[in-house]
Amino acid sequence: MRWLPGLAVTVLLCGVVLLWGHASRPKVIRTAAAQDAAPMTLLWSQPIAGFRGAAVSPQGELIALASGAKGAVSLWHWRTQPTRPLWIHPATGASSVAVSAAGGSVVAWSALDPALSDFSIFRGADGTTLSHRTLDGAIWDARLSADGCYAGVVTGSKLLYLYTLSDETYTTEDKRVHHWSLDGIGNSIAFPSTGSYLVCGTWDDSGVACYTPQGACLWQYPESAAARRLISNRLFFAQLSGNGRYVLGVSYGNVRQSAPALFLWRTDGGGNPQWKTELGEDAFYPKAQITADGSFVAVSYLRQIVRGNQSLSEHRLRLLDSLGNTVWERGGLLFSPTLVALSPDGQRTIVSDGQRTLYALRQDGRILTSHALPGLLRQSVLSADGHTLLVYTGDGTLSLFKLG
């Protein structure tokens, strides 16, 4: 019976861990004020067969969908026609879509597929194919400007294609699209609401660059080609704040998305970052978003904890202010937040527990409310205005939420 003392110690330690976890787990605040705030309201839900990818229009009124065994694109208006699409059109292999404001245009492509580099543009009103073009290299990313004037595409051949979307140019393919070479492989592209410029994150000559619609480089980070080559093993992703004044850059190692770092630039600042924050060599798989005015940035990541021969992974969530200072940080072994959405004013942060629950956190990091999902979270898309969240779950359901 010599094992009894060891067992007692083990039971005692487990009890301490459980008590610590119970005490440290954020509590859900359920007050009348919290209910009135309605941080998450379910607007629409629909089972989708053969889901591949989805997008929501900038104001959240329309949903573009790629689905089906062979690939098809459809457009939905969840309020006026909730149970069936406005139109559906074949699009072989399409796995990604985007839709402009008021549904003027829908674009579709197959992401990171070297055997299928087709890019298609459909008229939002009726699904008519306006353009279908095979590009030079696998498509890494594509975006529509919120005003629907431009579509940008970056490929593995270090090219950026820019389409001008207006009815009068659709009659001549060569006049509505032009392209230029990037220093690296473009893996992200972003437009402000007016499409007056665009930013691109690259890999293999790594950094972030800002261009005019004519292809002139306004600024680049790092400015030196030699400096970009020194960090060629890192990928840079760029996103814009809602007001178009700030660029949030996320950089990490090519393997396991390791040692991530965040950068903040002013779009008119000449390429010198206002701040840079490194999340650590033990951090992996970052997800970050910026508020509409650039005053807050939220980031979640996985942190590896090593103790001797053992290692544990924990999820961390951090809110930073406009200077890159940490406002608060949450997470641990018993609460595993992964960033899903940040409200335009930074007052709400929506996270997933990695399973079937969404949580809305206040600006101080405390949990305000939660929402149970019908299945495991597989994919989420936030509208450009930050007020509408589209979620696909493993049971085959697509759900639309209004964020308060």
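Shown above is the structure to which this text applies.
Caption draft 1: Spatial organisation of the sheet that holds strand β13 (residues 177-181). One open sheet holds the 4 strands; their spatial order is β10-β11-β12-β13, and the pairing between them is antiparallel. Single-partner strands in this sheet number two, and they are β10 (139-144) and β13. Neighbouring strand axes in the sheet, compared pairwise and without regard to direction, differ in orientation by 15° on average. In terms of strand pairing, strand β11 (residues 150-155) meets strand β12 (residues 159-164) through 5 bridges, oriented antiparallel. For Val 154, the partnering residue across the bridge sits in β12 and is Leu 160.

Caption draft 2: Geometry of the nonpolar core. Counting residues in each nonpolar core, the largest one holds 18 residues, and the members touching the most others are Leu 262, Ala 288, Ile 290, Val 297 and Val 299. Of all the secondary structure elements, the ones that give two or more residues to this core are β19 (246-253), β20 (261-266), β22 (283-290) and β23 (296-307). Sort the elements by how many residues they give to this core and β19 lands first, with 4 residues. If sequence neighbours within four positions are ignored, Leu 262 has contacts with Gly 249, Val 250, Trp 275, Lys 276, Thr 277, Ala 288, Val 297, Val 299 and Leu 320. By size, the runner-up hydrophobic cluster in this structure holds 17 residues, among which are Ile 121, Ala 142, Val 153 and Tyr 163.

Caption draft 3: Structural context of a nonpolar patch on the surface. A cluster of nonpolar side chains, contributed by Leu 312, Leu 333 and Leu 334, occupies part of the molecular surface with about 260 Å² of accessible area. Position of Leu 334 among the secondary structure elements: in the loop between β25 (326-332) and β26 (338-342).

Caption draft 4: How the structure looks around unusual backbone geometry. At the junction of Tyr 221 and Pro 222, the peptide bond is cis and its omega measures out at -10° in the coordinates. Positive phi, close to 50°, is recorded for Gln 257, a residue that is not glycine. Assignment of secondary structure puts Gln 257 in the loop between β19 and β20. Owing to a relative accessible area of 26%, Gln 257 belongs among the partly exposed residues under this scheme. Look at Ala 259: it is not a glycine, yet its phi comes out positive at around 45°. Structurally, Ala 259 can be placed in the loop between β19 and β20. Note on Ala 259: relative accessible area 15%, which makes it buried.

Caption draft 5: Structural context of the pattern of salt bridges. Counted under the stated rule, the structure contains 12 salt bridges. With a closest N to O distance of 2.3 Å, Glu 314 and Arg 303 form a salt bridge. Taken together, the positions of Glu 314 in strand β24 (residues 310-321) and Arg 303 in strand β23 put the pair 11 residues apart, joining distant regions of the chain. Judged by relative accessible area, which is 25%, Arg 303 ranks as partly exposed.

Caption draft 6: Examining the environment of Ala 111 more closely. The residue Ala 111 is located in the loop between β7 (105-109) and β8 (118-123) in this model. Between the C-alpha atoms of Ala 111 and Ser 96, which are 15 residues apart in sequence, the distance is 6.4 Å. Those residues within four positions of Ala 111 in sequence are excluded, and the remaining contacts are Ser 95, Ser 96 and Ile 139.

Caption draft 7: Just the packing of aromatic side chains, in detail. One pass over the full model with this rule turns up 14 aromatic pairs. For the ring pair Phe 51 and Tyr 392, a centre distance of 3.8 Å and an interplane angle of 10° mean the geometry is stacked. With Phe 51 in strand β2 (residues 51-56) and Tyr 392 in strand β31 (residues 388-393), this pair connects stretches of sequence that are 341 residues apart. The two residues Phe 51 and Tyr 392 agree in class, both being buried. Their ring planes at 10° and their centres at 5.4 Å tell us that Phe 263 and Trp 265 sit as a pair that is stacked. Here Phe 263 matches Trp 265 in class, with each residue buried. Counting every residue linked through ring pairs, the aromatic cluster contains Trp 219, Tyr 221, Phe 236, Phe 263 and Trp 265. Geometry around Phe 284 places Arg 256 over its ring, the cationic atom sitting 4.1 Å from the centre.

About the thresholds
- Residues numbered from 1 in each chain as written.
- Predicted model: local features only at pLDDT ≥ 70, side-chain atom pairs only at ≥ 80, totals over all residues.
- Heavy atoms only, no water.
- Pairing = 2+ DSSP bridges.
- Helix = DSSP H or I, 4+ residues; strand = E, 2+ residues; numbered from the N terminus.
- Axes fitted to C-alpha atoms, helices over the stretch in contact; angles between N-to-C directions.
- Core = buried A, V, L, I, M, F, W, Y, C linked by side-chain atoms within 4.5 Å.
- Buried < 20%, exposed > 50% of the residue type's maximum accessible area, 1.4 Å probe, protein only.
- Contact = heavy atoms within 4.5 Å.
- Patch = residues over 30% accessible without salt bridge, like charges linked within 9 Å, V, L, I, M, F, W, Y side chains within 5 Å.
- Areas by Shrake-Rupley, 256 points an atom, 1.4 Å probe, with all protein chains shown as cover.
- Salt bridge = Lys/Arg side-chain N within 4 Å of Asp/Glu carboxyl O.
- Phe/Tyr/Trp six-rings, centres within 6.5 Å; stacked < 30°, edge-to-face > 60°.
- Lys NZ or Arg CZ within 6 Å of the ring centre and 35° of its normal.

Any functional reading would require information that these geometric values do not contain.
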